[in-house]
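Next come the chains, spelled out residue by residue.
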Amino acid sequence: MQKEILYGRTLDELIVVTKRLGMPGFAAKQIADWLYKKEIQTIDEMTNLSKNMRELLSKEYEIGLSDPVNFSQSSDGTKKYLYKVLGNKFIETAFIPEDDRATICVSSQAGCKMGCIFCMTGKQGFQGNLSSNEILNQFRSLPEFNQLTNMVFMGMGEPLDNLPEVLKSLDILTNDWGYAWSPTRITVSTIGLLNSIKEFLEKSRCHLAISLHSPFDDERKKLMPVQKTNNVKEVIEIIRNFDFSKQRRVSFEYILFEGINDSPRHVKELARILNGIKCRINIIRFHQFPGSDLKSPGIGALTAFREALNDKGILSTIRSSRGVDINAACGLLSTLGQNKT
Ligand code: SF4
C-alpha cells in the first residue's frame, strides 16, 4: 500500500489524521513540532509519541522528504538544485547567499501554462501543480536549510495558479506551530492573476512582487499572453486600494529587454500608472537563453533606466545578476533533466 505523506500538512490536517487514528487530541501538535521544528527523517524519531502510536502512524504514513537529485554551483556562490516531483518531473530551486542574508527561490509548479516568451519554464508547458509537500521539501531538504533567512516564490510556475497549495505552504512557514517565520521574510511573485490576487492578499501577510515588464497593454501582451485576460492595470488598481501598511511591501519586477521596453516613453508611462503607490521597481537584466531573440541590455542602459525612474519619483533598484555562469534562466536545468529521462 502506498503510504500517505505527513510533511506539508497543516495543523488542522494533522488533527484530522490523528482523530481518524484514534490518537489523543494533543498528538497533532506534537507531530507538527517534530515535522517543522525538529529535523527528523522518520516517524520512529517522534519519541514523545508512544511506541503504539508511532506504529499506528507508520502503517499508513511516512514523513515524505526527498533530497535534490542534482545541483550546479556558480562562481558567485549561487547554487541551483534539481528536485524530482510528481513521479517523473523535475523542478529547480535556487540558493542565493549574500552578505547578510541567504535566500531560497522555490518553484510552485512543474513547468508553467502562462507562456511568457522570455521564460525557459514557459517553453516547457505545464506539467502539474506542486503539493505543499513538494513546495516545502525544496526548503527543508536544501543542504543549506539551516542558513536560510528569506524565501521567494520566483522559481518555476505561477504561484497564484496553484494558490491552495501555496497558501498551505505559507501557513506552515509562518504559523507558531510551524516554522514561525515572519511573513516579511517571504515574497510571492506573480504575473498578476485577477481572480486570485485578492484572495492571496487577504489570506496571507507575505510580501508581493508583480512581474510588470511593460506598462503598455499591446506590448505586454506580446511578452506575456496573460495580459489578454488579466490586464495589469486592473491588478494595479487592486493594489492601489489594498492596505499595505504593517511592514507589508509590494514591488514590481521589470526585466529590461534591449529595444523593447527600455525607452523614455516606458519610464513616463510607468511613473503614470504607479503614481501614488508606495512601491519599488526591481529592474532585472534579461538572461539570454538558446532559441530566444530577445536581447539583454548593457549595464549602462540598466543604470540609465533606473536613474530615469528615480528622477520621476519611482524608487528603483537594479537586481544584481546571480548565477549567470550556471545559466540562471529559470527552467534550463530542469529542461535538461527532463530530456535525460
Ligand atoms: S515567467 Fe513565470 S509565469 Fe511566466 S512562463 Fe515563466 S514561470 Fe510562468
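Just so we're clear, the structure is a prediction, and the values are computed from it rather than from any experiment. Each chain has its residues counted from 1, running along the sequence as written. The predicted origin of the model limits local features to residues at a pLDDT of at least 70 and limits the giving and counting of side-chain atom pairs to 80 or more, whereas totals for whole chains, interfaces and linings rest on all residues. As a convention, hydrogens and water are excluded, and side-chain values are obtained from all of the structure's heavy atoms.

Undergrad: Looking at this model, I keep getting lost on the overall build of the protein. Mind explaining?
TA: Where helices and strands are cited, they refer to DSSP runs of H or I of at least four residues and of E of at least two residues respectively, numbered from the N terminus. What the protein contains, in helices and strands, is 12 helices and 14 strands. The C-alpha radius of gyration computed for the protein amounts to 21 Å, which stays within 12% of the reference 20 Å derived for 341 residues, consistent with globular compactness. Projected onto the principal axes, the alpha-carbon positions of the protein cover approximately 70 × 45 × 40 Å. Residues classed as buried in the protein amount to 55% of the 341 residues present. Any two residues whose heavy atoms approach within 4.5 Å are treated as being in contact. Considering only contacts within the protein whose residues lie at least 6 apart along the sequence, 67% involve residues at least 24 apart. Only the protein chains shown count as cover for residues, and the accessible areas themselves come from Shrake-Rupley with a 1.4 Å probe. Summing over all exposed atoms, the protein offers an accessible surface of approximately 15500 Å²; the carbon and sulfur share of this is 50%. The size measure is the radius of gyration over C-alpha atoms, and the globule rule it meets is 2.2 Å times the number of residues to the 0.38 power. Think of it in three bands: with a 1.4 Å probe and only protein chains considered, a residue is buried below 20% of the maximum accessible area for its type, exposed above 50%, and partly exposed in between.

Undergrad: What is the right way to look at the sheet that holds strand 10 (residues 186-190) in this model?
TA: Pairing between the strands of a sheet comes from backbone hydrogen bonds, and it takes one of two forms, parallel or antiparallel. Pairing in this open sheet of 10 strands is mixed, and the strands run 3-4-5-6-9-10-11-12-13-14 from one edge to the other. Strands with a single pairing partner mark the edges of an open sheet, and in this sheet they are strand 3 (70-73) and strand 14 (316-319). The sheet shows a mean angle of 25° between the axes of neighbouring strands, direction not considered. In this scheme, strands are said to pair when DSSP sees at least two bridges between them. Here strand 3 pairs with strand 4 (residues 79-85) via 4 bridges, running antiparallel. Its bridge partner lying in strand 4, Gln73 is registered against Lys79. The strands touched by helix 6 (residues 163-174) are strand 9 (150-153) and strand 10; relative to strand 10, the strand with the most contacts, the crossing angle is about 170°. Against the sheet, helix 11 (residues 299-311) touches strand 12 (250-256), strand 13 (280-285) and strand 14, its axis set at about 170° to strand 13. Here an axis means a line fitted to C-alpha atoms, over the contact stretch when the element is a helix, while the angle between two N-to-C directions is reported on a 0 to 180 degree scale.

Undergrad: Which parts of the structure should I look at to understand the pattern of salt bridges?
TA: When the charged atoms of two side chains lie near each other, side chains of opposite charge can form a pair. Salt bridge criterion: a side-chain nitrogen from Lys or Arg within 4 Å of a carboxyl oxygen from Asp or Glu. Applying the stated criterion to the full structure yields 17 salt bridges. Among the salt bridges present, the one from Glu60 reaches Arg20, with a minimum N-O distance of 2.7 Å. In this pair, Glu60 sits in helix 3 (residues 51-60) while Arg20 sits in helix 1 (residues 11-20), placing the two residues 40 residues apart along the sequence. Take Glu60: its relative accessible area is 26%, and that puts it in the partly exposed class. Lys79 is the salt-bridge partner of Glu144, the closest N and O atoms lying 2.7 Å from each other. Of this pair, Glu144 sits in the loop between helix 5 (132-140) and strand 9 while Lys79 sits in strand 4, and the two are 65 residues apart along the sequence. Residue Glu144 shares its accessibility class with Lys79, and that shared class is buried. Salt bridges sharing common partners tie together Glu13, Glu165 and Lys168.

Undergrad: Help me understand the packing of aromatic side chains in this model?
TA: Geometrically, a pair of aromatic rings is defined through the distance of the ring centres and the angle of the planes. We call Phe, Tyr and Trp rings a pair once their centres come within 6.5 Å, taking the six-membered ring for Trp, and we label the pair stacked below 30 degrees between planes, edge-to-face above 60, and tilted otherwise. As enumerated under the stated definition, the model contains 13 aromatic pairs in all. On the numbers, 5.3 Å between centres and 20° between planes, the contact of Tyr254 with Phe305 is stacked. One end of the pair, Tyr254, is in strand 12; the other, Phe305, is in helix 11, with 51 residues separating them in the sequence. Tyr254 sits in the buried class, given a relative accessible area of 0%. Among the residues examined, Phe305 registers a relative accessible area of 2% and is labelled buried. Taken together, Tyr7, Tyr36, Phe139, Phe145, Trp177, Tyr179 and Trp181 form an aromatic cluster joined through their ring pairs. Across the ring face of Phe145, the terminal group of Arg140 is positioned such that the distance to the ring centre comes to 5.6 Å. To sit over a ring, a charge needs its Lys NZ or Arg CZ within 6 Å of the ring centre and within 35 degrees of the ring normal. When the ring centre of Trp181 is taken as origin, the NZ or CZ atom of Arg185, which lies over that ring, is 3.8 Å away.

Undergrad: Explain helix 9 (residues 232-240) here, please?
TA: In an α-helix, one turn spans 3.6 residues; hence positions three or four apart end up facing the same way. Listed in full, the buried residues belonging to helix 9 are Val232, Val235, Ile236, Ile238 and Ile239. Relative to the axis of helix 9, the buried residues are bounded by an arc of 155° and lie together on one face. Among the structural elements, helix 7 (194-203), strand 11 (207-211), helix 8 (217-223), strand 12 and helix 10 (264-273) are those in contact with the buried residues of helix 9. With a side-chain oxygen positioned 2.8 Å from the backbone nitrogen of Lys233, the residue opening helix 9 is Asn231. The arc in question is the one spanned by the directions pointing from the helix axis to the C-beta atoms. Polar contacts, as counted here, are pairs of nitrogen or oxygen atoms within 3.5 Å of one another; within protein the pair requires one atom able to donate a hydrogen and one able to accept it, and residues that are adjacent in sequence qualify only if both atoms are side-chain atoms.

Undergrad: Can you walk me through the packing of helix 6 against helix 7 in this structure?
TA: Helix-helix packing: each pair is described by the crossing angle between the helix axes and the interaxial distance. Taken N-terminus to C-terminus, the directions of helix 6 and helix 7 make an angle of 15°; their axes are 11 Å apart at the nearest point. Classed by the angle they form, the pair helix 6 and helix 7 counts as roughly parallel. As for how helix 6 packs across helix 7, the hand of that crossing is right-handed. In this structure, helix 6 contributes Leu163, Leu167 and Leu170 to the contact, and helix 7 contributes Ser196, Glu199, Phe200 and Lys203. Residues are sorted three ways: Asp, Glu, Lys and Arg are charged, Ala, Val, Leu, Ile, Met, Phe, Trp, Tyr, Cys and Pro are nonpolar, and all the rest, Gly among them, are polar. When its residues are assigned to classes, the contact of helix 6 with helix 7 shows 4 nonpolar, 1 polar and 2 charged. Convention used here: angles under 35 degrees read as roughly parallel, angles over 145 as roughly antiparallel, angles from 65 to 115 as roughly perpendicular, and any remaining angle as oblique. Each crossing gets its handedness from the near helix: less than a right angle anticlockwise from the far helix is left-handed, clockwise is right-handed.

Undergrad: Which parts of the structure should I look at to understand the nonpolar core?
TA: Buried together is how nonpolar side chains tend to be arranged in soluble globular proteins. Membership of the largest hydrophobic core comes to 99 residues, with the highest contact counts inside it found for Met46, Leu57, Phe139, Leu170, Phe200 and Ile239. Not counting chain neighbours up to four residues away, the residues in contact with Met46 comprise Leu6, Ile31, Trp34, Leu35, Ile40, Arg54, Leu57 and Ile63. Buried residues of nine kinds, namely Ala, Val, Leu, Ile, Met, Phe, Trp, Tyr and Cys, make up a nonpolar core once their side-chain atoms join them within 4.5 Å.

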